[in-house]
Amino acid sequence: MEIHEIPTTTTPRKAMPSLIHPSKINDANQFSPPTISTTMQDVIVNAETIISKWDPSRPSLEKFASLFQENREEAEEFVKCVGDLRTVMHFLVSQHAGSSQLVLANKLMKIAMIRLEKELYHILSTRRECLNPESVSGGSSLSLSNSDEEEDDDRVGEDGVSDVERALLDLKLIAGSMISSGYSKECSKIYRITRKSIVDEELYRLGIRGYTVSQISRMDQDALEHQVKKWVNTAKVVRTLFRGERLLCDHVFAVSETIKQTCIAHTTTEGAINLFRFPETVAKSKRSPEKIFLVMNLFETLSELWPEIESIFSYEPLSPIKLQALSSMHKLSDAAQTISLEFVSSIQKNSSKTPIPGGGIHPLNCSVMNYVSLLADNSGILSDILADEPETVARSPFPESYFDSRSPTSRVASQLAWIILVLLCKLDSKAEIYRDIGLSYLFLANNLQFVVEKVSTSALRLLLGQDWLSKLQTKVKLYAGNYESVAWAKVLSSLPAEKEESAHKIKEHFKQFNSAFEAAYRKQSSWVVPDPKLRDEIKVSIARKLVPAYREFYDSNLAILSGRRTWKSW
């Protein structure tokens, strides 16, 4: 007859003075010369009594009753007698291979294994609450490393053992018995199938789905933001679900490193790869400027989880999970850089020829500076993304006038400074659209002031530095001054530098001044200066140039005009 393979040793066999404790079952240093002793016969008789009582095929046991729940002492005795039976079978196989006692022992072993299979499945399937990730991870006796998680509320029995610890002890006891008896395949199969279904069910409940690139590309921004936010929250299961599975598997299969690694790989690989593939799918989907913030969010989450990913999935069979997480991080990094380059290209390609009314803030300026400010607020993540990545394109050096003595040293500052430089160049070209030179200078002053304000009130100030900001502020004043000179030149030139002797000529100059002032006022009545500080500075500057010149001309010619006022207040 065929006998199920039982792990054996090659150690010479000696006399067996007494039964062997299950923990010593593989020690073959126990046997007497080749005779079936009364002690071994007693072991078989005792095993037949206990194992037959719990034979699942018995009519009285048609309704399953758990041995480990019904009678704990008898359950431990059951496992002990299996160990003793296994020891006897080692001896019989080597010394009495054709004996009827070996046939009976083999039959009893098969019955015992069927019972333990059912017990294993029963505990795994009915005591899920005791084996949930939080309970297992919180167990004081189980840890991958020092854990500061508090143990969940758990009922404690009369023997001082909690329900969680009892379930873990029972699983370990059953698995150890089955594996030592040569039933490792049956044991691991039940464990793998049962636990994988539980893991998959939990991942589905948490909302983990498999998306394709095309499905992600078809989502609008709001829908994608929702999915990313949900994924970021769900990714925390790495700290609970997968960590709990690893701890549970390590505990149950402590007797076999190979089975331990095979089982954890089977129960977690598919779900974990599916979880960590989502960021890569987002990275490969259709790109847009707004998507860079979702990409950075995903990259940040994976970066934070990476130490735990390495710890939980440290076994070699779990390496595909780590490779998927790394692949997602690299794809996210590539996507962020590509989106940034495409954003710069979109600025350069902006071909709008419509002048902004009144020389106000250009929409391109608003969108770019808001975008760059948000990037600066996330400069830490952006720095991590750019840290290990080479420059994707060769870029011209910054103009000497852009920075005083040195360009920014950090990749993030350099990249953001470059985007702003491209924007400023584009604004210069937009100013050329205006036919009125004064208005074009006002447009540049307004838009540079907007850049200054955005930089001053965001993280950009720290990244670009005060020197850079001061240079831009100086340029704002230059453009504002050019506007004043061009827009008010005719008004100022209407007042002669030399004193007039003729009342008629004096009156003509007053008329010219009034006419020029009225014309400038009408033209500029629709021009705007949105920034209140800049607006006040321009008003004060114009008044300082215009009012003293007019007053001097008026006072010097008052006697000639005999006190008659011909000027209009403005």
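Reading the values: rules and limits
Residues numbered from 1 in each chain as written. Predicted model: local features only at pLDDT ≥ 70, side-chain atom pairs only at ≥ 80, totals over all residues. Heavy atoms only, no water. UniProt positions renumbered as here; feature names shortened; annotations may be inferred. Helix = DSSP H or I, 4+ residues; strand = E, 2+ residues; numbered from the N terminus. Buried < 20%, exposed > 50% of the residue type's maximum accessible area, 1.4 Å probe, protein only. Contact = heavy atoms within 4.5 Å. Areas by Shrake-Rupley, 256 points an atom, 1.4 Å probe, with all protein chains shown as cover. Salt bridge = Lys/Arg side-chain N within 4 Å of Asp/Glu carboxyl O. Expected span 1.5 Å × (residues − 1). Arc of directions from axis to C-beta. Phe/Tyr/Trp six-rings, centres within 6.5 Å; stacked < 30°, edge-to-face > 60°. Lys NZ or Arg CZ within 6 Å of the ring centre and 35° of its normal. Disulfide = S-S within 2.5 Å. Axes fitted to C-alpha atoms, helices over the stretch in contact; angles between N-to-C directions. Parallel < 35°, antiparallel > 145°, perpendicular 65-115°, else oblique. Left-handed = near helix turned anticlockwise from the far one by under 90°. Nonpolar A, V, L, I, M, F, W, Y, C, P; charged D, E, K, R; others polar. Core = buried A, V, L, I, M, F, W, Y, C linked by side-chain atoms within 4.5 Å. Polar contact = N/O pair within 3.5 Å; in protein donor to acceptor, adjacent residues only side chain to side chain.

You'll find the protein chain entered in an unreviewed UniProt entry as Exocyst subunit Exo70 family protein, with Sesamum latifolium given as the organism. The protein chain has a UniProt comment under Function (unreviewed entry) that states "Component of the exocyst complex."

Things to note about the overall build of the protein chain
Across its full length, the protein chain carries 22 helices and zero strands. Out of the 570 residues belonging to the protein chain, those deemed buried represent 46%. Look at the contacts in the protein chain between residues 6 or more apart in sequence, and 78% of them connect residues 24 or more apart. Accessible surface, the protein chain: about 28700 Å² in total, of which carbon and sulfur atoms supply 51%.

A short note on the pattern of salt bridges
Applying the stated criterion to the full structure yields 17 salt bridges. One salt bridge in this structure joins R72 and E76, with 3.8 Å as the shortest N-O distance. Here the residue R72 and the residue E76 both occupy positions in helix 3 (residues 72-95), the gap between them amounting to four residues, near one helical turn. A relative accessible area of 41% places E76 in the partly exposed class. E484 is paired through a salt bridge with K545; the nearest N and O atoms lie 2.9 Å apart. One end of the pair, E484, is in helix 19 (residues 466-487); the other, K545, is in helix 22 (residues 532-556), and 61 residues separate them in sequence. On the accessibility criterion, K545 (38% relative accessible area) is partly exposed. Connected via shared salt-bridge partners are R72, E76, R127 and D170.

Examining helix 19
Compared with the 32 Å implied by 1.5 Å per residue over 22 residues, the 31 Å span of helix 19 between its first and last C-alpha is a close match. Taken residue by residue, helix 19 has W468, L469, L472, V476, Y479, A480, Y483, E484 and A487 as its buried positions. One side of helix 19 carries all its buried residues, which in axial view fall inside an arc of 160°. The exposed set on the far side of helix 19, more than 90 degrees from its buried face, consists of D467, T474 and K477.

Some words on the environment of I174
Structurally, I174 is set in helix 6 (residues 163-180). Between the alpha carbons of I174 and E119 there is a distance of 7.9 Å; along the sequence they are 55 residues apart.

A short note on the packing of aromatic side chains
Counting across every chain of the model gives 14 aromatic pairs. An angle of 55° between the planes, with centres 6.1 Å apart, marks the rings of Y483 and W527 as tilted. A residue pair is termed long-range when its members are at least 10 positions apart, and Y483 in helix 19 and W527 in the loop between helix 21 (503-524) and helix 22 qualify at 44 residues. In this pair, the class of Y483 matches that of W527, namely buried. An angle of 50° between the planes, with centres 5.8 Å apart, marks the rings of W488 and F517 as tilted. Of this pair, W488 sits in the loop between helix 19 and helix 20 (489-493) while F517 is found in helix 21, placing the two residues 29 residues apart along the sequence. Residue W488 is classed as buried on the basis of its relative accessible area of 10%. One aromatic cluster is present, formed by W488, F510, F513, F517 and Y550 through successive ring pairs. Over the face of the ring belonging to Y204 we find R209, whose NZ or CZ atom lies 4.0 Å from the ring centre.

Brief notes about the state of the cysteines
Applying the stated rule across the entire model yields zero disulfides. For C249, which is in no disulfide, the shortest distance to another cysteine sulfur is to C263 and amounts to 4.9 Å. With a relative accessible area of 1%, C249 lands in the buried category.

Some words on the packing of helix 4 (residues 100-126) against helix 7 (residues 184-205)
At a minimum axis separation of 10 Å, helix 4 and helix 7 run at an interaxial angle of 15°. Compared by their axis directions, helix 4 and helix 7 come out roughly parallel. In the packing of helix 4 onto helix 7, the handedness of the crossing is right-handed. Contacts between helix 4 and helix 7 involve E117, L120, Y121, L124 and S125 on the former and, on the latter, E186, C187, I190, Y191, T194, R195 and I198. A class-by-class count of the residues in the contact of helix 4 with helix 7 yields seven nonpolar, two polar and three charged.

Describing the packing of helix 7 against helix 11 (residues 257-284)
Think of two packed helices as two axes; the pair is described by the angle between the axes and how far apart they sit. Relative to each other, helix 7 and helix 11 sit at 25°, their axes nearing to 9 Å. Accordingly, the angle class assigned to the pair helix 7 and helix 11 is roughly parallel. In this structure, helix 7 meets helix 11 at a crossing whose hand is right-handed. Residues S184, S188, Y191, R192, R195, K196, V199 and L203 of helix 7 lie in contact with helix 11, whose contacting residues are I259, T262, C263, H266, T267, E270 and G271. Among the residues forming the contact of helix 7 with helix 11, the class breakdown is five nonpolar, six polar and four charged.

Concerning the nonpolar core
Counting residues in hydrophobic clusters, the biggest one holds 162 residues, and the most contacted among them are W231, F242, F253 and F276. If you tally residues by element for this core, the top one is helix 16 (residues 411-431), at twelve residues.

Details of the side chain of S66
Position of S66 relative to the elements: it lies in the loop between helix 1 (38-53) and helix 2 (67-70). Of the residues examined, S66 reaches a relative accessible area of 4% and is grouped as buried. Within the structure, the side chain of S66 is placed 3.4 Å from the backbone nitrogen of F68, a separation counted as a polar contact. Non-local contacts of S66, meaning those with residues more than four positions away in its chain, are made with E119 and H122.

Let's talk about the environment of L424
Position of L424 among the secondary structure elements: in helix 16. Along the primary structure L424 and L444 are separated by 20 residues, whereas in three dimensions their C-alpha atoms are 9.1 Å apart.

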